[in-house]
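Structural description and commentary
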Amino acid sequence: MKWWFSRKLHVQVLIGAALGIVAGILLQDYAAYLDPIGQIFLRLLKFLVVPLVIATLLSGVLQMTSVKELGSVGARFFGYLTGTSILASAAGVGMALLIRPGVGLSLDEIQKEDVAPEDYDVAEQLLGWVPDNLFNAMANMDMIPIIIGTVLFGVAMLLIGETKLPRAFALVREGTEIMLRLTNMIIWTSPYGVFALLAVLVGTTGTEMLGAAAKFVIADFAGIVLVALVVYPTILFFTARLNPVRFYRNAWPSTVFAMTTSSSAATIPVSMKVAQENMGVPRKIYGFTIPFGATANMDGFAVALGVISIFAADAFGIEITAGLIAQIVLLGLALSIGAAGVRGAGIVMSAVLFQALGMPLDLIPLLAAIWPLIDVAHTGLNITGDLTGTATVAAQTKNMDRKVFSKRSKSLTMDSE
């Protein structure tokens, strides 16, 4: 037992997933007896959805401490991360539509909710996203009006300012801390929930889901490569007039560190060093963009959300329409920002996504099993995106030392400022 509890969470999840697959193959239909354990885990995830999204989104908006800070640097960087998150989500959707990892994966036997194809009307969908009764939306877990209403509430608080609303701002910060701690508590039960759910999934649907998982990983990696090799270089070359090859050489220490730690927050000091010593960006720029980007810029996760949505729609037999794709892309933007700072974001935010799209949560164990593998690439893309935005803003505002950017990048040390 001591060995088990000394393992990192992602190792426990992988072990639980592997044991769940083995149990499903061995038990076959008898694996259904494990279903109550998995359903408890899913109910706890549903319990998190609404308060967690509200808390993290409000916290993200209020990180911009004043309206003035939404000026030149803030507006440019926020515009950058908004645009790249939309493009990243679209890249995930595009790769999933090409590869179609969910086609042929039948979940009819384990489906717990009635999910039928819907005819999406773009105008009707857009109207439905506008919140008219926030409490009703919360009761029905109608996530898009909740997200939009929360953002509007946060902007209003920001306009009034913390000096006039000190207790409200403190409440948001304290509420976010509570929700992150609660999320952490529930996510630590994920190895057991994943074991039970994956055993049921394999035992009742067979091993075709393993092939679907492999195609999912391929689609996810293809979307990440598309963003890294097309979206970012295009922004750097045409918007910032920077050499993309030189940029990637300069950014490489930070990208590698992010991939080895799978933590955007842990990479912040390395990214700041890279921005200053390899990019020629001053502190007044990177001091804002790097921490804010590590919190709000989740392009890798946006790619995954696009892939997950198409994967799930195919698996559940939901018709993929232009309106659904538009909804997925916008959700990719909102949820990738809302995922900031959440342990186990892949599991929790996938549950939020399925809830927003009206889908069951039956694919959660499969996603939890492969998340440690794909999260390495996600974090690398997130950090590369932070540095891309930092360099672009610095170049646009004429705050970049291009001589530093163009010279050979340094071998970074963390013992000096």
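Everything numeric here is computed off the predicted structure, so don't read it as measured data. (Residues numbered from 1 in each chain as written. Predicted model: local features only at pLDDT ≥ 70, side-chain atom pairs only at ≥ 80, totals over all residues. Heavy atoms only, no water.)

As for the pattern of salt bridges
Here is the rule we go by: By definition here, a salt bridge exists when the distance from a side-chain nitrogen of Lys or Arg to a carboxyl oxygen of Asp or Glu is within 4 Å. In DSSP terms, a helix is any run of H or I states spanning at least four residues, a strand is any run of E spanning at least two, and both are numbered starting from the N terminus. For every residue, the accessible area (1.4 Å probe, protein chains only) is compared with the maximum for its type, and the residue is labelled buried under 20%, exposed over 50%, or partly exposed between those bounds.
Across all of its chains, the model carries three salt bridges by this definition. Across the salt bridge formed by Lys273 and Glu277, the nearest N and O atoms sit 3.4 Å from each other. Taken together, the residues span about one helical turn, with Lys273 and Glu277 both in helix 12 (residues 268-278) at a distance of four residues. Each member of the pair, Lys273 as well as Glu277, is classed as buried.

Points about the packing of aromatic side chains
Note the following rule: A pair of Phe, Tyr and Trp rings is counted when the ring centres sit within 6.5 Å of each other, with Trp represented by its six-membered ring. The angle between the planes then sorts it: under 30 degrees is stacked, over 60 is edge-to-face, the rest tilted.
Within the structure shown, the criterion is met by seven aromatic pairs. Taken together, a centroid distance of 6.2 Å and an interplanar angle of 55° make the contact between Trp4 and Tyr192 tilted. Here the residue Trp4 occupies a position in helix 1 (residues 2-5), and Tyr192 occupies one in helix 9 (residues 190-205), the gap between them amounting to 188 residues. Look at Phe247 and Tyr248: their rings are 5.5 Å apart centre to centre, the planes differ by 80°, and that puts the pair in the edge-to-face class. The class for Phe247 is buried, based on a relative accessible area of 0%.

Points about the packing of helix 14 (residues 299-315) against helix 17 (residues 364-396)
For any two helices packed against each other, the geometry comes down to the angle between their axes and how far apart the axes lie. Inclusion rule: Under this scheme, a helix contributes an axis fitted over its contacting stretch, all axes are lines through C-alpha atoms, and angles between N-to-C directions fall in the 0 to 180 degree range. Here a crossing is called left-handed whenever its near helix is offset anticlockwise from the far helix by less than a right angle, and right-handed whenever the offset is clockwise. Two residues qualify as a contact provided that any one of their heavy atoms is within 4.5 Å of a heavy atom in the partner residue. Polarity classes work like this: nonpolar for Ala, Val, Leu, Ile, Met, Phe, Trp, Tyr, Cys and Pro, charged for Asp, Glu, Lys and Arg, and polar for all others, with Gly in that last group.
For the pair helix 14 and helix 17, interaxial distance at closest approach is 8 Å and the crossing angle is 145°. Note on packing geometry: the crossing formed by helix 14 with helix 17 is right-handed. Each of Asp299, Gly300, Phe301, Val303, Ala304, Ile308 and Phe311 in helix 14 lies in contact with helix 17, whose residues at this interface are Leu366, Leu367, Trp371, His378, Leu381 and Asn382. In terms of residue class, the contact of helix 14 with helix 17 is built from nine nonpolar, three polar and one charged.

Details of the confidence of the model for the protein
A low pLDDT means the predicted coordinates there should not be read in detail. Threshold: Summary of the metric used: pLDDT quantifies the predictor's per-residue confidence within the range 0 to 100.
When the pLDDT values of the protein are averaged, the result is 80; 82% of them are 70 or greater. Note that residues 109-122 has pLDDT below 50 and, in this model, 32 contacts with residues that lie over four places away or in other chains. Low confidence marks residues 413-417, where pLDDT is under 50. Its contacts with residues over four positions away, or in another chain, come to nine contacts.

So, the environment of Met138
Here Met138 lies in helix 6 (residues 134-139). Taking the relative accessible area as the measure of exposure, Met138 reaches 29% and is therefore partly exposed. Expressed as a C-alpha distance, the spacing of Met138 and Val50, which sit 88 residues apart in the sequence, is 6.6 Å.

Comments concerning the side chain of His378
Mapped onto the fold, His378 is located in helix 17. Accessibility expressed as a relative area gives 1% for His378, which makes it buried.

Things to note about the nonpolar core
Stated formally: The term nonpolar core refers to a set of buried residues drawn from Ala, Val, Leu, Ile, Met, Phe, Trp, Tyr and Cys, joined through side-chain atoms within 4.5 Å.
If you look at the biggest cluster of nonpolar residues, it comprises 69 residues, and the most contacted ones within it are Leu45, Phe216, Leu335, Phe354, Met359, Leu363 and Ile364. Here this core takes ten residues from helix 14, the largest share from any one element. Phe247, Val270, Val281 and Ala296 belong to the second-largest nonpolar core, a separate cluster that totals 38 residues.

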